[in-house]
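# What the coordinates show
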Amino acid sequence: MACYRTDCIEKPLSKVFEKLGHLVGSYPVWFFVIPLIVSAALGGGLYFLKDHEDNDVENQFTPINGPSKQARHFVKETFPNNDSLFSSQRLYAEGNYAVIIYSIVEGNILTDALFEEISDLDKVVHSLSVKVNQTQISFKHICAKVNGNCVLNPILDIIEYKCINLSFPVHRWKGKDVFLGSTVGGVEEREGVIQQARAIRLFYFLQDKPEASQWLQLFQNVLSKETLSRGLKQVSYFTSQSRQEEIEKHTTDGIPLFSITYSLAISFSVLSCMRLDNVRNKIWVSFMGVLSAGLAVLSSFGLLLFLEVPFVITVANSPFLILGIGVDDMFIMLSNWQQTKVKDPVEKRMAETFKEAAISVTITTLTDVLGFYIGLMSEFRSVQAFCLYTSTSIIFCYIYSILFFGSVLALNGRREQSNRHWLTCCKLPTQTPEGKSLAYRLCCVGGDYDQETGAEKQQPITHFFKSYYGPFITKPWTKVCVMLLYAGYLAGSIYGCLHLQQGINMRDLAADDSYVVKYYDDDRKFFSRYGPNVMVIVTEEFPYWNKNSRSELNNCMGKLHNLRFVNQNLSVSWLDFYLQFAQSKSLNLDNENVFMENLSSFLMLYPEFKLDVNVTEGKINASRFFVQTLDISNASMEIMMFHELRDTAQSCSATKLLVFHPLFIYLDQYSVIVTGTIQNVGFTTAVMLVVSLLLIPNPLCSLWVTFSIGSVITGVTGFMALWGVNLDSISMIILVVCIGFTVDFSAHISYAFVSSKKSTANERVIDALFSLGYPVLQGAASTIIGVLVLAASKNHIFRTFFKIMFLVMLFGLAHSIIFIPVFLTLLSCSSTNAKKKTMTVPDIIPKIIMLENKSLAYDNYTFTKDNFHVSKQTVKTQSTQIYFIPNKRLVWCHDPDCP
């Protein structure tokens, strides 16, 4: 079917690039030297890398305007911490603390021998001291206090008094209820009494003082040695600054990996571009192509660091992407260069190369950059930083690919034009002189080319795409198999999408061999039975003395207590205690005056509740209660718990309720990660469609590019779920990347398809695969090689990047050389580029041959083209006349009176 072309932008842009190519070919030295000088100048910004590292976990990996951050601000302003009345469950932030988990593989930890070891370890911790300004600061000087005494671990006192029958999860000790759910783990109980346990957890809370950081560092150093020297069963430890220290420690882990990747990319490129011909060899060209990508990273990173843009650990993945993009552009340009005529001037060859290749490279660059700039709207600062660094790098990569690598092509073209050796630059003969050996021919002869086309000889794999793969993929039965293969791919992708997990696990921010990972594993293993103790806050004035209002509030709290992740028996309510207090004193709290007058005496008796009631000018402006969550053993349960609590609180009609826990700061990502990803992907896809419509001169093929975006994203999302990768801020980044790379692959093939001058869809597909099948394959392979080293990284972030990029490359390549070619033939357009036939050759016309000496032979007759005058030469045969109009066309005429 016929299709319309939209080349109003593509056509003039091609002419601009044609002129630019001629300019680069005319003055290659300038375009070679200037990028080197610019890169050297901007690269100085890397000196400030350490100064601008910003890996604050909360700041970078949680939503910028998350609801829980607003809730925390309200809690901080309304219920400020009291240094003399510390309560861990009432903290609005994590605070300063250290924690130890002592565990055994099997058996019962509640034995005298094991508790003696635990007590000795506790004494070691209490004895730690640091020297600050000539003053020795010990634990007792900076510990969190209640009534002047350090907050201790009651489980040690309980065991020390040989208390055998421990009730669980709450044990009555010295007239107070002690919650053991967070300190005794791996519990087996019967009728509420512990039979055996496998883990004990000890907390050491500190005041918010500068010395606390030094003490926590000493704690980490000592615990790492104590674990080995004391022969303990199993010990894991953690501090409030461990997570931050670990992520900062591994920010630059990608630098040595990038050096390995760079070496692999150079090796692959050299092997891909190596020729046996001593003149046509492209070893130095391929090396400089990889260098061009490296210069782009150097320039962009240096520039942004000069501008004081924060450098986040996620940005360390960017160089691997840029290397893949740069090498892909190099292969595209090199492929088009090799199709130009070797005897033409270098300037003309560069003009033709730019005319064909630069548009394709521009399409992919524009879509990549727009995709990343759209990512700047993300709710995560880590995503914003990655997108800003990567998009800037892509711009530099594009500029250097056109100008710097273009100049390398031109300089190499001049060498080839002089028929000089690729290494020694000595002039070589094109033919082996008589009497010379085979070794001489291999080392000292070069410059051969395809005499028929005038271009360089194509590599065998290029002929494979034209002679074997292209015809194979266009066979009817092959198309049926491809459609079935695509159906299976789509089914697997959708299945994976339905099982996709959300959220980033905090343990994944540390390296595999870090002590932090061991602590998180032990915490999940032994202490997942009980989750966070969540605040439920009444955020406005409320008539607590009104019986009906109080009943409505109790109904709201009852709904929270009835949630599957909440234990009603472990909830704490100052109002319930106050009502019990009033009952014991025979007070009528249904009266406002009585309620407010006796509140102060109640709070004197229960001082911890002073932290839960905000009384200003005789009015209760806000108050809070606590609900205990349970059975939070994985991320999915965290999501359900988080959403159920928040939704239930918001549904309360009696008053405005707010739920909060410091952990919720990190759980906010579950509220925005899916919607944010869908919005970014959808908006980016729409932009890609517009770009494709403008730059690919065929609307239907632009739609196929957009279709491939959605198809690859579905596949990557589904199969990354099957590979154990969650949807989080890190994987969301790479899904945005996925769009760009999908466009890269499909745009190259689609643009080659619509630009082909062949007449049928099958022929145009074969021609497109012949032109760009190998460069696309090279680009995908080089990118996979580029990220392959990340698979061996100890850091989860880098491994996640490898997994998703591998899927992107694999599925993007499959779409570009398998699925899209078949789809283009099924819903194809008649090429408007193909020359329309102005003649019909009857079966009776004998064969016409164009001889090499520019003469036209017709059977036994010969006539020569006249390039200066429009002449008419006629050959009659069987009532048919053939007219040759120079530089125009052949016309057959069956009528003797033809003009």
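A few points on the structure.

## Quick look at the side chain of S393
Examined against the element boundaries, S393 turns out to sit in helix α14 (residues 381–402). Assessed through its relative accessible area of 0%, S393 is described here as buried. For S393, the side chain forms a polar contact with the side chain of S300, separated by 2.6 Å. Excluding residues that lie within four positions of it along the chain, S393 makes contacts with A296, S300, F301, S318 and I322.

## Points about the environment of V33
Mapped onto the elements, V33 comes out in helix α2 (residues 28–42). The spatial distance from the C-alpha of V33 to the C-alpha of F404 is 8.1 Å, given a sequence separation of 371 residues.

## Some points on helix α12 (residues 318–338)
Helix length check: α12 (21 residues) gives 30 Å between terminal C-alpha atoms against 30 Å at 1.5 Å per residue, within 8%. Counted residue by residue, α12 has 21 buried out of 21 residues, so it is predominantly covered.

## Description of the sheet that holds strand β11 (residues 199–206)
Across the sheet, four strands lie side by side as β8-β11-β1-β12; this open sheet has antiparallel pairing. Of all the strands in the sheet, just β8 (184–185) and β12 (234–239) have a single pairing partner and so form its edges. In this sheet, β11 lies alongside β8 in antiparallel orientation, the contact comprising two bridges. In the strand pairing of β11, G185 is matched with A199. The strands that helix α19 (residues 515–526) touches are β1 (96–103), β8, β11 and β12; relative to β12, the one it contacts most, it runs at about 110°.

## Points about the nonpolar core
I155, V184, W215, F219 and F801 are the most contacted members of the largest nonpolar core, which totals 207 residues. Counting residues per element, this core draws most heavily on helix α29 (residues 796–826), at 18 residues.

## Some remarks on the pairing of strand β10 (residues 193–196)
With three bridges connecting them, strand β9 (residues 188–190) and β10 associate as antiparallel partners. Across the sheet, E188 pairs through a bridge with Q196, a residue of β10. Taken together, β9 and the strand that follows it, β10, pair antiparallel across an intervening segment of two residues, in which E191 is found at a positive phi of about 55°.

## Comments concerning a nonpolar patch on the surface
A cluster of nonpolar side chains, L23, Y27, W30, I34 and V38, forms an exposed patch at the surface whose accessible area comes to about 520 Å². Per-element accounting of the nonpolar patch gives the leading share, three residues, to α2. Within the secondary structure, Y27 sits in the loop between α1 (10–26) and α2.

## Regarding the side chain of T474
Of note, T474 is situated in the loop between α17 (460–473) and α18 (476–498). Residue classification places T474 among the buried positions, given a relative accessible area of 10%. Once residues within four sequence positions are removed from consideration, T474 is found in contact with K479, N762, V765, I766 and T825.

## Points about the state of the cysteines
Under the criterion given, the structure shown has two disulfides. Covalent S-S linkage joins C143 and C150, the inter-sulfur distance amounting to 1.7 Å. Torsion about the S-S bond of the C143 and C150 cystine: about -70°, corresponding to left-handed handedness. Residue class for C143 comes out buried when judged on its relative accessible area of 0%. A relative accessible area of 21% means that C150 is categorised as partly exposed. The disulfide that involves C556 links it to C652, with 2.0 Å between the sulfurs. Judged by the sign of its S-S torsion, about 85°, the bond between C556 and C652 is right-handed.

## So, unusual backbone geometry
Here the bond from F168 into P169 is cis, since omega is 10°, no more than 30 degrees from zero. Mapped onto the secondary structure, P169 falls in the loop between α7 (154–160) and β6 (170–173). In the Ramachandran plot, C425 falls in the positive-phi region, its phi being about 65° despite a non-glycine side chain. Checked against the element boundaries, C425 lands in the loop between α15 (404–417) and α16 (438–444). Using a relative accessible area of 38% as the deciding quantity, one classes C425 as partly exposed. Positioned with a positive phi, D631 is a non-glycine residue whose angle comes to about 55°. With respect to the helices and strands, the residue D631 is situated in the loop between β16 (619–630) and α23 (635–650). We classify D631 as partly exposed; its relative accessible area is 39%.

Rules used throughout
Residues numbered from 1 in each chain as written. Predicted model: local features only at pLDDT ≥ 70, side-chain atom pairs only at ≥ 80, totals over all residues. Heavy atoms only, no water. Helix = DSSP H or I, 4+ residues; strand = E, 2+ residues; numbered from the N terminus. Buried < 20%, exposed > 50% of the residue type's maximum accessible area, 1.4 Å probe, protein only. Polar contact = N/O pair within 3.5 Å; in protein donor to acceptor, adjacent residues only side chain to side chain. Contact = heavy atoms within 4.5 Å. Expected span 1.5 Å × (residues − 1). Pairing = 2+ DSSP bridges. Axes fitted to C-alpha atoms, helices over the stretch in contact; angles between N-to-C directions. Core = buried A, V, L, I, M, F, W, Y, C linked by side-chain atoms within 4.5 Å. Patch = residues over 30% accessible without salt bridge, like charges linked within 9 Å, V, L, I, M, F, W, Y side chains within 5 Å. Areas by Shrake-Rupley, 256 points an atom, 1.4 Å probe, with all protein chains shown as cover. Salt bridge = Lys/Arg side-chain N within 4 Å of Asp/Glu carboxyl O. Disulfide = S-S within 2.5 Å.

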